[in-house]
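Each chain, letter by letter, is given below.
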Amino acid sequence: MDVHAPIHPPEPYFSMFPRSAERFDPTWGFGEFRELVRRGEPVPPEALEYIAATYDGAMAYADHHVGRVLGRLRELGLHDAAAIAVASDHGEGFGDNDVFGHGSSVRHAVTRVPLILKLPGQREGRRVATPVSTADLFPTFLEVAGLSVPDGIDAVSLRASAPPPERPLLAESYTETGVRARAVRVGDYKLVVRSGRNLQLFDVARDPGETIDLAARDAERASALRARLDGVGADLESAPRPEAKRLGEEHRARLRALGYVDDD
């Protein structure tokens, strides 16, 4: 939680990355930026620079403690036999495509996250360009533990030496009133659907910033990806759902501060 707004890592990490403003209101966060965009007002560049610098410092602080854990595993003689994953549940938007923070978007800044995996006995690293999902950690660690992987899950083990097969990867963003945005990626192409109507198609390999919408010029691909996305949605709608419970104001306030509750 150290990289969630308001972000204030301890020194020397707080001052590790330069910014033009030495001090800025520490209560400001991505929610304030989103509100300015809604009102059509500019985001102060010094505010965005400040929060980005403190965010980088918080990431460095988290990285330091990951290093402590790995160092201790080596001291105990457990590192070689261990399976270790370093991942994130989401990224963070810093103004690209008017995305600030997370929780209300499925754009690349939020859905593309680091995933570092070390398997037992592994001593050499390699980079795999094929897109995968954090859901793939579930069957991966079951296999590492010698347990069977359940049938019918939308995830694959990452233990295999060959790249995982190409498959649709899903992302969704919810509000309390339902789904706000959904996305599906197959290979290099990603389709974003907002409010069930507005379609945007991106080639994220050539355009990782998702600045060029290809939906109009490549309508056939957009339609095919929409069909795959709707198919996944139908499967989810038919799945059993737990009984809904209404959140109290204290929990709502805490989730709102983290960007997960939007009152509009």
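Let me sum up the structure you'll find in this document.

What counts, and at which threshold
Residues numbered from 1 in each chain as written. Predicted model: local features only at pLDDT ≥ 70, side-chain atom pairs only at ≥ 80, totals over all residues. Heavy atoms only, no water. Helix = DSSP H or I, 4+ residues; strand = E, 2+ residues; numbered from the N terminus. Buried < 20%, exposed > 50% of the residue type's maximum accessible area, 1.4 Å probe, protein only. Lys, Arg positive; Asp, Glu negative; His and termini not counted. Salt bridge = Lys/Arg side-chain N within 4 Å of Asp/Glu carboxyl O. Polar contact = N/O pair within 3.5 Å; in protein donor to acceptor, adjacent residues only side chain to side chain. Contact = heavy atoms within 4.5 Å. Core = buried A, V, L, I, M, F, W, Y, C linked by side-chain atoms within 4.5 Å.

What to know about the side chain of Asp207
Position of Asp207 relative to the elements: it lies in the loop between strand 8 (198–203) and helix 5 (219–237). Nearest to the buried, unbridged Asp207 among oppositely charged side chains is Arg107, at 6.9 Å. Polar side-chain contacts of Asp207 include one of 2.8 Å to the backbone nitrogen of Ile212. Once residues lying within four places of it in the same chain are set aside, the contact partners of Asp207 are Phe202 and Ile212.

Some remarks on the nonpolar core
Within the largest apolar cluster, 13 residues are counted, with the highest numbers of intra-cluster contacts made by Ile7, Phe30, Phe33, Val43, Leu48, Ile51 and Phe100. If you list the elements that add at least two residues to this core, you get helix 1 (30–38) and helix 2 (45–75). Broken down by element, the residue count for this core peaks at five residues, all from helix 2. Each residue touching Phe100, except ones within four places of it in the same chain, is listed here: Phe30, Phe33, Arg34, Val37, Val43, Leu48, Gly93, Phe94 and Gly95. Counting residues in hydrophobic clusters, the runner-up holds eleven residues, among them Val186, Tyr189, Ala222 and Leu229.

Thoughts on unusual backbone geometry
Here Glu11 and Pro12 are connected by a cis peptide whose omega angle stands at 10°. Among the secondary structure elements, Pro12 is positioned in the segment before helix 1. At Glu210, a residue that is not glycine, the phi angle is positive and equals roughly 50°. By the secondary structure assignment, Glu210 is in the loop between strand 8 and helix 5. On the accessibility criterion, Glu210 (2% relative accessible area) is buried.

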